[in-house]
Every structure is written in C-alpha cells, then in structure tokens.
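What the coordinates show
Residues per chain are reported as follows:
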Amino acid sequence: MTVTLEVSDNVGTIRLDRPPMNALDVAVQDRLRELAEEAGRRDDVRAVILYGGEKVFAAGADIKEMQVMDHAAMVARSKALQDSFTAVARIPKPVVAAVTGYALGGGCELALCADFRIAADNAKFGQPEILLGLIPGAGGTQRLARLVGPSKAKDLIFTGRQVRADEALAIGLVDRVVPAAEVYEQAHAWAARLARGPAIALRAAKESVDAGLETDIDTGLTIERNWFAGLFATEDRERGMRSFVEEGPGKAKFL
C-alpha cells in the first residue's frame, strides 16, 4: 500500500509510503481520501498524524504522470485531486503533520490540511508549481494564504522558492521545529494528549474555527453559539464541569 492508516492508543497515523520521494500520484491521492474518511468515522481514532517517514514528507505530484495529461484530462481530474486534500482537512478530529525532509507542491499542500505542523530542522517547504508553468492545484493558493497571509503566500507561489524550517516557523507556515529524530515522537505526543480530550468539544472547536474563517464574523459567532449551546447536551460537558467543581481545573478524564 502506498498510504496506510495505523492506529495505536487512539492515535491514527496516515503514513505515505511511496519511495523514494512519496510522489502524490492519482492512486496516492485517492487512497488519502479513503483513509481520511475512514479516520473520521472510526471511534478508536481520536487524533491523526500525517507522516511521510524519516526522510521525506512528500516531494509533490508525480510529474511524469501529469505530463501526459491534456486539458480535458486535468479538468476531469482536478476536482478529485482537491477533494482528496479537502477530505484530510475535514477530518473532524485534531490533525498534526509530522514533516521531515521535503514538503513541496502537493506535499506542502497536504501539510496545510493539518491543524498543527511540526517540522524537522532539515525540512524544506515550497510551492514550486510556477516553475512548471502552473499554480498550486490542491488547495495551496487558498490554504497557504489563509495561514501566512496573502503577501507571504504570493512570495512563495510567485517565485516557487523553497523555505527552510526556520523561515517556515518565522512566517507561521509551521508551528514547531525540532530535531529530525524527534519529529514523529513529538507529533505523537501532541496527538495523544488531544486524543484523551473531549472528542465532541474538540470537533466543535475545529469546525467553529474552520467554518468561521470562511464567513463573516456574525455568521461565525452563530456557528460558535450553536456548538457552544449544543455541548451542554453531552456527557463530556457534564464530566468536565463536575470534575472542575469537585477536583479543580484540568483533572477531568474523558472517555
């Protein structure tokens, strides 16, 4: 399998495994969508890690596969390409990207689908599609601009240049930079901590933030208000408040 889902301690790892560079061909894209949807459905998965292995996250699309596609073929394929990445972005659980080595083109776009990004100190990010006479097609023009702002996004997209981990951290493209040997371990620690949290409240928080970013402030507040009130019907809310009153803050254990 070029992409797998392994689950341990309520943490699901979606692992890219297409040596040598984890090129994102059509088969990988379709499998990503399938496993993202599976991770979203499974009760034993409460947080997700995106991981490409110790050497590389993903160096981008399979250019040889794309080279033979004409306009009609890409019109037919481009929606499925975006849908695969959107499925990852819409996993209703916390998602962290553990990035080692290259995260270029589609690899960078895949990392953008996560809620949090932990990068190796040797990682390199970029959207080099312009160097092929193209633009990002798996969400890069939209998610990158929303994450780092339009000016920085245009710099990366217009030039196709690669940025090292320290610059990626400085512009907000990643959230933490660690030694390469510690990337997966730290990603797992982040995911495992949230896997012990209140699942419905975490879903509510993620959907409120993500949906709110796509709309005006009043609509965003309505989304937040509806989720906030709805959580008062959950067992996790009862458990959390009871623990706070009886034991103090931060001691609740959620199922």
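The structure under discussion appears in the preceding block.
The rules behind each value
- Sequence order as written defines residue numbering, which begins from 1 separately in each chain.
- Side-chain atom pairs in this predicted model are given and counted only at pLDDT of 80 or more, local residue features only at pLDDT of at least 70, and totals for whole chains, interfaces and linings cover all residues.
- The side-chain values count all of the structure's non-hydrogen atoms but skip hydrogen atoms and water molecules.
- Helix and strand assignments come from DSSP, with helices taken as H or I runs of at least 4 residues and strands as E runs of at least 2, each series counted from the N terminus.
- Each residue's exposure class comes from its accessible area (1.4 Å probe, protein chains only) as a fraction of the maximum for that residue type: buried when under 20%, exposed when over 50%, partly exposed otherwise.
- Here, residues are in contact when the closest pair of their heavy atoms is within 4.5 Å.
- By definition, two strands form a pair when at least two bridges between them are found by DSSP.
- Lines are fitted to the C-alpha atoms to define the axes, a helix being fitted only along its stretch in contact, and any angle between axes, read from their N-to-C directions, falls within 0 to 180 degrees.

What about the environment of Gln162?
Within the secondary structure, Gln162 sits in strand β8 (residues 162-164). By relative accessible area, Gln162 is classed as partly exposed at 40%. Beyond its immediate sequence surroundings of up to four residues, Gln162 is in contact with Tyr102, Leu104, Lys124, Phe125 and Gly126.

Digging into the environment of Glu182
With respect to the element layout, Glu182 can be found in the loop between β9 (176-178) and α8 (183-195). Taking relative accessible area as the criterion, Glu182 reaches 31% and is therefore assigned partly exposed. For Glu182 and Gly107, which are 75 residues apart along the polypeptide, the C-alpha to C-alpha distance reads 20 Å.

Focus on the sheet that holds β8
Pairing within the open sheet is mixed, and its 3 strands lie in the order β5-β7-β8. The open sheet terminates on both sides in strands that have one partner only, identified here as β5 (102-104) and β8. In this sheet, adjacent strand axes meet at a mean angle of 20 degrees when their direction is disregarded. The pairing of strand β7 (residues 124-126) with β8 spans 3 bridges and is antiparallel. Within β8, the residue paired with Lys124 across the bridge is Arg164.

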